[in-house]
Protein chains: 2
Amino acid sequence: MTEAIIAIFVGPADHGHILLELFIALLAAKLAAELFERIRQPAVVGEILAGIVIGPAVLKLIQPTGVMDAFAEIGVIFLLFTVGLETRPSDIFKVGRRATVVAVLGVIVPFVAGWGLLRLWPGHSRIEAIFLGAAMVATSVGITARVLAGRGLLSSEASRLILAAAVIDDIIGLLVLAVVSSLATGQVNYVSIILVGSLAIAFTVSVIAFGARVVNRVERPVRNLKIDHSLLIFALVLCFGLAAVSSLIGIAGIIGAFLAGVALSELTDGTRLHQQSQALTEFTTPFFLISIGMKLNLAIFDSWSVVWLSLVVIVVAILTKFIGCGLGALGMGRQRAVQVGAGMIPRGEVGIVVAQIGLALAAVSDAIYGVVLAMSVITTLAAPPLIKAAFSREPAVVQDSEYDDVELQEEIG
Amino acid sequence: MTEAIIAIFVGPADHGHILLELFIALLAAKLAAELFERIRQPAVVGEILAGIVIGPAVLKLIQPTGVMDAFAEIGVIFLLFTVGLETRPSDIFKVGRRATVVAVLGVIVPFVAGWGLLRLWPGHSRIEAIFLGAAMVATSVGITARVLAGRGLLSSEASRLILAAAVIDDIIGLLVLAVVSSLATGQVNYVSIILVGSLAIAFTVSVIAFGARVVNRVERPVRNLKIDHSLLIFALVLCFGLAAVSSLIGIAGIIGAFLAGVALSELTDGTRLHQQSQALTEFTTPFFLISIGMKLNLAIFDSWSVVWLSLVVIVVAILTKFIGCGLGALGMGRQRAVQVGAGMIPRGEVGIVVAQIGLALAAVSDAIYGVVLAMSVITTLAAPPLIKAAFSREPAVVQDSEYDDVELQEEIG
């Protein structure tokens, strides 16, 4: 049949194209994951590499469209929501003080190193150096959460510390970004920055402190609603509601989704809700991972000077986060410190957003933007093997499988 | 805090905006659903009305963007996939002959009526009349499936017939659209049309006939894969794969998703897979319903002549489908005939796609496009109460709830 006929039928809305893209992304991600599992490598690395292969860099099967971006965003939202469901508020409070130290050191060390590096490297402005430092600050905890969840290690002490530190790190990152952006536009509005910062802290602390109590109180009315699956619907509304609020305040949407999960974690119905949200996570997370891979633009490596700078920045980004956060966690012993240091390495999309803002403000050159992109993707890609190695001596936990303990709990409950 | 700071933080990718839109859509849909359940009206009507209210027609909280469209598409894909999971291949074959009669009559009667109406109505061309007829042909089974599933009536005899007839109706609709589009461009390529038609029929029949057997054979290897939730992943890949193939052939993506569900329906693990896909459906279907409501552009009703024509077309669209399909099902008794007639009424997005193509080919005026839009939305809105009334004497089935029969089946199985 002729292509014209097909083009007519697929129609102006081009829905067939979206279905095909989702199919290709899902299939490629999961084939790569299976392959990596078989050669005993982290599945997430396989899925990110699949994104590089099917994306614009190599096969060009899929383009990073708005729709793909949205699915990637929803993927990491559900991922952190599900992780939140396994985290009780007390888990976070218990590690609060140490997590703050980890987060603060994990911000200062990379920032100073990134800034200092570009001040010494010839041909870059003061403001560009500040932006690179800021881009190296924010940990993107999605990848770490995926690796830890896949290995059933979310309840370990180091995992709790990583999650709590990532939340705090995100708030500090927000404040750093606010200051840096103000510097670039030439007018630092301290009142605004302090207000935004206080709002972010107040929001986070109050959801952790009171969220679970509020949720437990409305549980019965929610169950009595007439709509089907009312508890799941309530959970989804809470997840997207808090994610949207986080975004509006200025911290990452995934922080809100994580907090929503934490608030829901004490519900007695946790097992069923957890299984339902796992289905949502399994469907959407591959798009998040594929999307990270797609963002790697191999063209920037045409210039040797950019390649060199990228390599140095990547090594510095990995080492400074590892050392900064590891130092903060040293009180828990060397093994735990190594685990926490490794878990905080991935920068993911947060660094990219910083660089995009710098580009939009004309404070950052295309070269530095490319370097930050490479740093974000490659720290994310490098983290899973390091996390795996750091946690290798951790007692093995039964993995989630088709036949997991949920069934048993449901029979008992 | 200043808006500028917020704008900076939300960032160029504008992710916060997507989260906020999904939150608003989900909340509005489910509040409306709850309200409608309480006043004993179909929840789907409430969700579509919520779309009208929050969409561009009234409150303008949400715009129909590409991302919203994609979520709507995924919503109806999962909806039909879940319905397919409850439909065994034998269910379809058993009603095959009668379903063909229902589908054919349900195409001929509305087409002739739509065409004849516009030939008699002053001021419209021959080709415009043909397009209106074609737009009235294709049933959009999503709404009916949602209503029947919500009331636990998917396994009734009439439901099976409706689903099978909707699949056949979609293939005939494809062929009608092919002929009509060719007429508009002035060159009818019969070879192409016959090829596309044969391909669509061969695809559908072979998936129904052999799909389940193939799936049952690969079940064990799939379960033995190393990745987590391998069966769910396999099901998702199959769902999007067949949906993409359907789209490429030219039939609706939802037909492929439905067929994927049918192919998976005999898996012994049906209960768990069904529960997981229900979670995906519950999350995404509201966007499908909201999206239908958003498409209703109230501005077209500024002109009285358009309002009159719309009203007449809507009444004709409802009556002709009801009578045509009802006649086809009369052999099963009057009650069943009424049920089938009512179930085939909604036109949904299919009629809109036809009108969009007509608009793109300059064969259809803006007024007729608006009329088709109104016809699609309002037949969809009118169907649930009619379906509810038609099925009111059906033996009550226990509704899906948080504590449904899945648990029992899992304990037994």
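Fair warning: this is a prediction, and the values are worked out from it, not measured in the lab. (Residues numbered from 1 in each chain as written. Chains lettered and ligands numbered in written order. Predicted model: local features only at pLDDT ≥ 70, side-chain atom pairs only at ≥ 80, totals over all residues. Heavy atoms only, no water.)

A. Representation of helix 6 (residues 96-120) of chain A. All names here are of chain A. Compared with the 36 Å implied by 1.5 Å per residue over 25 residues, the 36 Å span of helix 6 between its first and last C-alpha is a close match. Among the residues of helix 6, Ala99, Val102, Ala103, Gly106, Val107, Pro110, Gly114, Gly116, Leu117 and Leu118 are the ones counted as buried. Those residues of helix 6 that are buried lie in contact with helix 7 (126-135), helix 9 (157-185), helix 14 (304-328), helix 15 (334-343) and helix 17 (366-390). (Helix = DSSP H or I, 4+ residues; strand = E, 2+ residues; numbered from the N terminus. Expected span 1.5 Å × (residues − 1). Buried < 20%, exposed > 50% of the residue type's maximum accessible area, 1.4 Å probe, protein only. Contact = heavy atoms within 4.5 Å.)

B. The arrangement of the confidence of the model for chain A in detail. Residues of chain A with pLDDT of at least 70 account for 91%, and the chain-wide mean is 86. pLDDT under 50 marks residues 1-13 of chain A. Its contacts with residues more than four places away, or in other chains, come to 21 contacts. (pLDDT = per-residue confidence, 0-100.)

C. Molecular detail of the packing of aromatic side chains. Here the structure, examined in full by the defined rule, presents 13 aromatic pairs over all chains. Taking the centre distance of 5.5 Å and the plane angle of 70° together, the rings of Phe71 of chain A and Phe287 of chain A count as edge-to-face. Remark: Phe287 of chain A occurs in helix 13 (residues 270-294) and Phe71 of chain A occurs in helix 4 (residues 66-85); sequence separation between them is 216 residues. A single burial state applies to Phe71 of chain A and to Phe287 of chain A, both of which are buried. Here Phe71 of chain A and Phe71 of chain B contribute two aromatic rings whose centre-to-centre distance is 5.0 Å and whose plane-to-plane angle is 0°, an arrangement assigned as stacked. Here Phe71 of chain A is found in helix 4, whereas its partner Phe71 of chain B is found in helix 4 (residues 66-85) on a different chain. Of the aromatic side chains, those joined through ring pairs into one cluster are Phe71, Phe78, Phe240, Phe283 and Phe287 of chain A together with Phe71, Phe78, Phe240, Phe283 and Phe287 of chain B. (Phe/Tyr/Trp six-rings, centres within 6.5 Å; stacked < 30°, edge-to-face > 60°.)

D. Up close: a nonpolar patch on the surface. All names here are of chain A. Together, Val315, Leu319, Phe322, Ile323, Leu327, Leu330 and Val338 make up an exposed nonpolar region whose accessible area comes to about 580 Å². Here the element with the most residues in the nonpolar patch is helix 14; it accounts for 5 residues. By secondary structure assignment, the location of Ile323 is in helix 14. A relative accessible area of 45% means that Ile323 is categorised as partly exposed. (Patch = residues over 30% accessible without salt bridge, like charges linked within 9 Å, V, L, I, M, F, W, Y side chains within 5 Å. Areas by Shrake-Rupley, 256 points an atom, 1.4 Å probe, with all protein chains shown as cover. Salt bridge = Lys/Arg side-chain N within 4 Å of Asp/Glu carboxyl O.)

E. Just unusual backbone geometry, in detail. Residues and elements named next belong to chain A. With phi around 60°, Lys60 is a residue other than glycine that occupies positive phi space. Within the secondary structure, Lys60 sits in the loop between helix 3 (43-54) and helix 4. Take Lys60: its relative accessible area is 52%, and that puts it in the exposed class. Unlike most non-glycine residues, His229 shows phi in positive territory, near 50°.

F. Up close: the nonpolar core. Counting residues in hydrophobic clusters, the biggest one holds 288 residues, and the most contacted among them are Phe240 of chain A together with Phe240 of chain B. Ignoring sequence-local partners within four residues, the contact set of Phe240 of chain B consists of Leu19, Leu22, Phe23, Leu26 and Phe283 of chain A together with Ile74, Ile77 and Phe78 of chain B. (Core = buried A, V, L, I, M, F, W, Y, C linked by side-chain atoms within 4.5 Å.)

G. Looking closely at helix 17 of chain A. The end-to-end C-alpha distance of helix 17 of chain A, which contains 25 residues, comes to 35 Å, matching closely the 36 Å that a straight helix rising 1.5 Å per residue would cover. Approximately 30° is the largest bend angle found in helix 17 of chain A, and it occurs at Ala383 of chain A, with the proline Pro384 of chain A only one to four residues beyond. (Bend = angle between axes of the 7 residues up to and from the residue.)

H. Representation of the environment of Val44 of chain B. Residues and elements named next belong to chain B. Along the chain, the position of Val44 falls in helix 3 (residues 43-54). Residue Val44 is classed as buried on the basis of its relative accessible area, which comes to 5%. Between the C-alpha atom of Val44 and that of Leu27, which follows or precedes it by 17 residues, the distance is 14 Å. Residues contacting Val44, with those up to four places away along its chain left out, are Arg146, Val147, Leu289 and Pro384.

I. A look at the packing of helix 11 (residues 230-249) of chain A against helix 12 (residues 253-264) of chain A. Residue and element names in this part refer to chain A. Taken N-terminus to C-terminus, the directions of helix 11 and helix 12 make an angle of 140°; their axes are 7 Å apart at the nearest point. Seen along the crossing, helix 11 lies across helix 12 with a hand that is right-handed. Here Phe234, Ala235, Leu238, Cys239, Leu242, Ala243, Ser246 and Ser247 of helix 11 lie close against helix 12, whose contacting residues are Gly253, Ile255, Gly256, Ala257, Leu259, Ala260, Ala263 and Leu264. Residue composition of the contact of helix 11 with helix 12, by class: 12 nonpolar, 4 polar and no charged. (Axes fitted to C-alpha atoms, helices over the stretch in contact; angles between N-to-C directions. Left-handed = near helix turned anticlockwise from the far one by under 90°. Nonpolar A, V, L, I, M, F, W, Y, C, P; charged D, E, K, R; others polar.)

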